[in-house]
Amino acid sequence: MPGKIKYSKSQAILEIPKFQQEDEGFYECIAGNLRGRNLAKGQLIFYAPPEWEQKIQNTYLSIYDSLFWECKASGNPNPSYTWLKNGQHLNTEERIQIENGTLIITMLNISDSGIYQCAAENKYQTIYANAELRVLASAPDFSKNPIKKISVVQVGGDISIECKPNAFPKASISWKRGTENLKQSKRVLLLEDGSLKICNVTRSDAGSYTCVATNQFGNGKSSGSLVVKERTIITVPPSKMDVTVGESIVLPCQVSHDPTMEVLFVWYFNGDIIDLKKGVAHFERIGGESVGDLMIRNIQLGHSGKYLCTVQTTLEHLSAVADIIVRGPPGPPEDVKVEHISSTTSQLSWRPGPDNNSPIQIFTIQTRTPFSVGWQVVATVPEILNGQTYNATVVGLSPWVEYEFRVVAGNNIGIGEPSKPSELLRTKASVPNVAPGNINGGGGSRSELVITWEAIPEELQNGEGFGYIIMFRPVGTTTWMKERVALVESSKFIYRNESIMPLSPFEVKVGVYNNEGEGSLSTVSIVYSGEDEPQLAPRGTSVQSFSASEMEVSWNAIAWNRNTGRVLGYEVLYWTDNSKESMIGKIRVSGNVTTKNITGLRANTIYFASVRAYNTAGTGPSSPPVNVTTKKSPPSQPPANIAWKLSNSKLCLNWEHVKTMENESEVLGYKILYRQNRQSKTHILETNNTSAELLVPFEEDYLIEIRTVSDGGDGSSSEEIRIPKMSSLSSMGVQILKPSTQFLSMVGFFYCFAIHPLSR
């Protein structure tokens, strides 16, 4: 039974919901018990009134056309069909054919217009479908569908101009270009629907086109213009580029186009539009109206991909694509792990990061400790870690130091960012293997042996419980004395013994130890015990003044021995007799120097001086003081009224003699300083007179100044005089600077002493 059938609880009643044609047929009901069975039969028959499956529709046809109408209806039994026109039965005639639900009328005329009905009927019902037939007859009319006023096409393109006038019957179509009839050719086609198609358009095809439509009721025409534009061409498309991160590049996109056409450039990156109006970082449009170049500044790895330049006009849409590969240093390696660590080695493993379009060629391991300045490269096994090496052993580590490691990758582009640091781990302890250096000492008090050394830094102590082992013995003996210094920061040890003679030589060596054991010892150094101060004062002390600010102290060297105390040098003391001056000048000289020049003194002042010897224990007795008076101050007035005369390559100078004050040194002579400019070398001429002649070629300007010379030193200089080169002088003659009435009387009487420039 069909699935939709329902039964009563006793199954004595059968229910068929929504009875359909497929449910009709013979049904049997069988009843039975222990005594036997019986059955009853019945037939279900399906019937249905007509229902439309296809109706006729209002139709408008041209005179002389043919009409074809068809109507269909369903029903049981199947319906029959009749046709009516304006309420009257329609019968088959010469032009009218009726067959079941179809109606055909050929060669329509105006009288065929009217309201038609299709009737579908069976014994249960009759249904009707109505439609109007309108037969039209008119001359061609373009009022509702004129030719397009302006049609635009590009050179080399195809264009179709539609011509669809309202005409009943259908009009015959012809075309004119200007006033001439248009003939069909390989490029010019008159299509069946009346349209005009022009293929491979040229500039000469531009102009006015008229469509002429004709039927027996009349004719009509409509005109439009064809405008031909130059084709848009991408002349410089973007091309594939391979660039390095950080560079700035330009992707070209340049076109040639019709000057009357507006061009719009749009760029896409990996399918997404680049909105340049929002000032997107890195991207900038450059160029003019016909140039759509895209500049990418400071290009980054994320800029790798496809770049599409689209060129849009009202007539076409062009595009060009290019792939950009951005290569950069590798990304940071990942997952750096320390898998084993000993006192001097560590095993590391890692995973490479992204290669950023350039294969990784090398890895470098760096380490950092609390004692290092930043990260340092470390030695590894294997020594060279190529791009396919992902584990290595770090060697040369210091015991008992906390280390953290990181890995850096490199390729052809450069060195990438380092990985994250590994966890902080301490190497295992071991016996110290670095001995102290710079073993020295000496000095101190009598009966003391002072030993010094450079402390071992914490990173080289190799473990806890670090200290120093001091070993020493008098030179010539065989037994070493041994002491331990437990303080890690120690760098000095003092041994005291009253039996030690002054300046006794000792052999000394210093070692190291920690909880793991004793380590290396330094090489043997000779260190002397403490000494006494010098016992003798220098003899023959004298002093003399060289200028207003300078004096020289001299003395005789001391012949010393172990009993009188060693002399390492001398100390010069000097002072004035002014009781207000509590400061005493003090200068040391080392070795056998027996003279000392003292500067920065006051002029015309009595200075006292004394000398004493010194060594590591201190200073000895001073020599008896000696004194000297410094020279008077040099002249304070510079040479004045300087006159000069230039003749050929000779320059004659003349000036006034400088008179000094009572507290100033007498003028002994003059110095002439000349040079070409302030940066060039200065030459000096000395003379005892107030005139001089310079034999120098004056091919350039010269700067000249004159100063006084006295026992007290050089005096003040005159103002700088610029002597122009000969070619710039309009006339030769005497030039006088700062003339006085007295000096003007001397002009013309020059007494020039010829002094060669190299003489003094």
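Because the structure is predicted, anything quoted here is derived from the model rather than measured.

K.L.:
In this structure, what is going on with the sheet that holds strand S30 (residues 272-273)? I would like to understand it.
P.N.:
The strands that make up a sheet pair up through hydrogen bonds in the backbone, lying either parallel or antiparallel. Spatially, S26-S34-S33-S29-S30 is the arrangement adopted by the five strands of the open sheet, whose pairing is mixed. Each edge of the sheet is formed by a strand with only one pairing partner; in this case those strands are strand S26 (241-244) and S30. In this sheet, strand S34 (residues 317-327) lies alongside S26 in parallel orientation, the contact comprising four bridges. What sits directly across from Thr 244, in S34, is Arg 327.

K.L.:
What's the story with the pairing of S34 in this structure? I'm lost.
P.N.:
A regular strand places its side chains on the two faces of the sheet in alternate fashion. As defined by bridge partners, strand S33 (residues 305-312) adjoins S34 across eight bridges and the pair is classed as antiparallel. By the bridge assignment for S34, Tyr 307 is matched with Ala 322. Taken together, S33 and the strand that follows it, S34, pair antiparallel across an intervening segment of four residues.

K.L.:
Help me out: how do you make sense of the state of the cysteines in this one?
P.N.:
Per the stated rule, a full pass over the model turns up three disulfides. Disulfide pairing places Cys 71 opposite Cys 118 at an S-S distance of 1.8 Å. Taking the sign of the torsion about the S-S bond as the criterion, the disulfide between Cys 71 and Cys 118, at about 40 degrees, is right-handed. Taken as a pair, Cys 71 in the loop between strand S7 (67-70) and strand S8 (72-76) and Cys 118 in strand S13 (residues 114-122) lie far apart in primary sequence, 47 residues in all. Given the relative accessible area of 0%, Cys 118 is considered buried. Each sulfur in the disulfide pair Cys 163 and Cys 211 lies 1.7 Å from the other. Across the S-S bond linking Cys 163 and Cys 211, the dihedral sits near -70 degrees, which makes this disulfide left-handed. Residue Cys 163 is located in the loop between strand S17 (159-161) and strand S18 (166-168), and its partner Cys 211 is located in strand S23 (residues 207-215); the two are separated by 48 residues in the primary sequence. The connectivity of the disulfide bonds within the protein chain can be written as 1-2, 3-4, 5-6, using the sequence rank of each bonded cysteine. There is no disulfide at Cys 199, and the cysteine sulfur nearest it, in Cys 211, is 18 Å away.

K.L.:
Looking at this structure, I do not really get the pairing of strand S54 (residues 569-576). What am I missing?
P.N.:
Taken across its eight residues, S54 has seven buried, putting it largely inside the fold. One ladder, built from six bridges, connects S54 with strand S55 (residues 585-590); its direction is antiparallel. Across the sheet, Glu 571 pairs through a bridge with Arg 588, a residue of S55. Bridge count for S54 against strand S57 (residues 606-615) is eight bridges, and the pairing is antiparallel. Within S57, the residue paired with Trp 575 across the bridge is Phe 608.

K.L.:
I keep staring at the packing of aromatic side chains and nothing clicks. Help me out?
P.N.:
One pair of aromatic rings is described through two measures. These are the centre distance and the angle between the planes. Under the counting rule described, the total for this entry stands at 15 aromatic pairs. Look at Trp 69 and Tyr 116: their rings are 5.4 Å apart centre to centre, the planes differ by 65 degrees, and that puts the pair in the edge-to-face class. Linking Trp 69 in strand S7 with Tyr 116 in strand S13, this pair joins segments that are 47 residues apart in sequence. The two residues Trp 69 and Tyr 116 agree in class, both being buried. Geometrically, the ring pair formed by Trp 655 and Tyr 670 is edge-to-face, given 5.5 Å between the ring centres and 75 degrees between the ring planes. Within this pair, whereas Trp 655 is found in the loop between strand S61 (650-654) and strand S62 (667-675), its partner Tyr 670 is found in strand S62, the two being separated by 15 residues in sequence. Take Trp 655 and Tyr 670: they sit in the same class, and that class is buried. Here the aromatic residues Phe 269, Phe 283 and Tyr 307 are joined through ring pairs into a cluster of three or more. The ring of Tyr 513 has Arg 484 lying over it, and the distance from NZ or CZ to the ring centre is 4.1 Å. The ring of Tyr 614 carries Arg 588 above its face, with NZ or CZ at 3.9 Å from the centroid.

K.L.:
What should I look at first to understand the nonpolar core in this one?
P.N.:
Among the nonpolar cores identified, the biggest contains 22 residues, and Trp 52, Ile 56, Leu 67, Trp 69, Trp 83, Leu 103 and Leu 133 are the most heavily contacted of them. Breaking this core down by element, the ones donating at least two residues are S7, strand S12 (102-105), S13 and strand S14 (125-136). Residue contributions to this core peak at five residues, all from S14. Of all hydrophobic cores here, the second largest spans 21 residues; its members include Val 243, Cys 253, Val 255 and Trp 267.

K.L.:
Honestly, a nonpolar patch on the surface in this entry has me stumped. Any pointers?
P.N.:
Residues Val 475, Val 524, Ile 526 and Tyr 528 make up a contiguous nonpolar surface patch of roughly 350 Å² in combined accessible area. Considering the arrangement of structural elements, one finds Ile 526 in strand S51 (residues 525-528).

K.L.:
Looking at this model, I keep getting lost on the side chain of Ser 62. Mind explaining?
P.N.:
Its place among the elements puts Ser 62 in strand S6 (residues 59-62). Relative accessible area serves as the criterion here: at 5%, Ser 62 is assigned to the buried category. Among all residues touching Ser 62, those that are not within four sequence positions of it are Leu 108, Val 135, Leu 136, Phe 168, Pro 169 and Lys 170.

K.L.:
Would you take a moment to explain the UniProt feature "domain: Ig-like" (unreviewed entry) in the protein chain for this structure?
P.N.:
Here, UniProt's "domain: Ig-like" (unreviewed entry) annotation points to residues 50-134, 140-227 and 231-319. As annotated, residues 50-134 comprises 0% helix and 62% strand, and the C-alpha atoms at either end are separated by 28 Å.

K.L.:
Just checking my understanding: could you explain the pattern of salt bridges for this structure?
P.N.:
Note on pairing: side chains with opposite charge can pair once their charged atoms come close. What the rule picks out here adds up to 28 salt bridges. In this structure, Arg 203 and Asp 258 form a salt bridge, with 3.2 Å as the shortest nitrogen-oxygen distance. With Arg 203 in the loop between strand S22 (196-198) and S23 and Asp 258 in the loop between strand S28 (254-256) and strand S29 (264-269), this residue pair connects regions lying 55 residues apart in the sequence. The class for Asp 258 is buried, based on a relative accessible area of 3%.

K.L.:
How should the UniProt feature "domain: Fibronectin type-III" (unreviewed entry) in the protein chain be read in this particular structure?
P.N.:
The residues that UniProt annotates with the feature "domain: Fibronectin type-III" (unreviewed entry) are residues 332-430, 435-532, 537-633 and 634-728. Between the first and last C-alpha atoms of residues 332-430 the distance is 34 Å; the span itself is 0% helix and 42% strand. The distance separating the terminal C-alpha atoms of residues 435-532 is 32 Å; by composition the span is 0% helix and 45% strand.

Calculation notes
- Residues numbered from 1 in each chain as written.
- Predicted model: local features only at pLDDT ≥ 70, side-chain atom pairs only at ≥ 80, totals over all residues.
- Heavy atoms only, no water.
- Pairing = 2+ DSSP bridges.
- Helix = DSSP H or I, 4+ residues; strand = E, 2+ residues; numbered from the N terminus.
- Disulfide = S-S within 2.5 Å.
- Buried < 20%, exposed > 50% of the residue type's maximum accessible area, 1.4 Å probe, protein only.
- Phe/Tyr/Trp six-rings, centres within 6.5 Å; stacked < 30°, edge-to-face > 60°.
- Lys NZ or Arg CZ within 6 Å of the ring centre and 35° of its normal.
- Core = buried A, V, L, I, M, F, W, Y, C linked by side-chain atoms within 4.5 Å.
- Patch = residues over 30% accessible without salt bridge, like charges linked within 9 Å, V, L, I, M, F, W, Y side chains within 5 Å.
- Areas by Shrake-Rupley, 256 points an atom, 1.4 Å probe, with all protein chains shown as cover.
- Salt bridge = Lys/Arg side-chain N within 4 Å of Asp/Glu carboxyl O.
- Contact = heavy atoms within 4.5 Å.
- UniProt positions renumbered as here; feature names shortened; annotations may be inferred.

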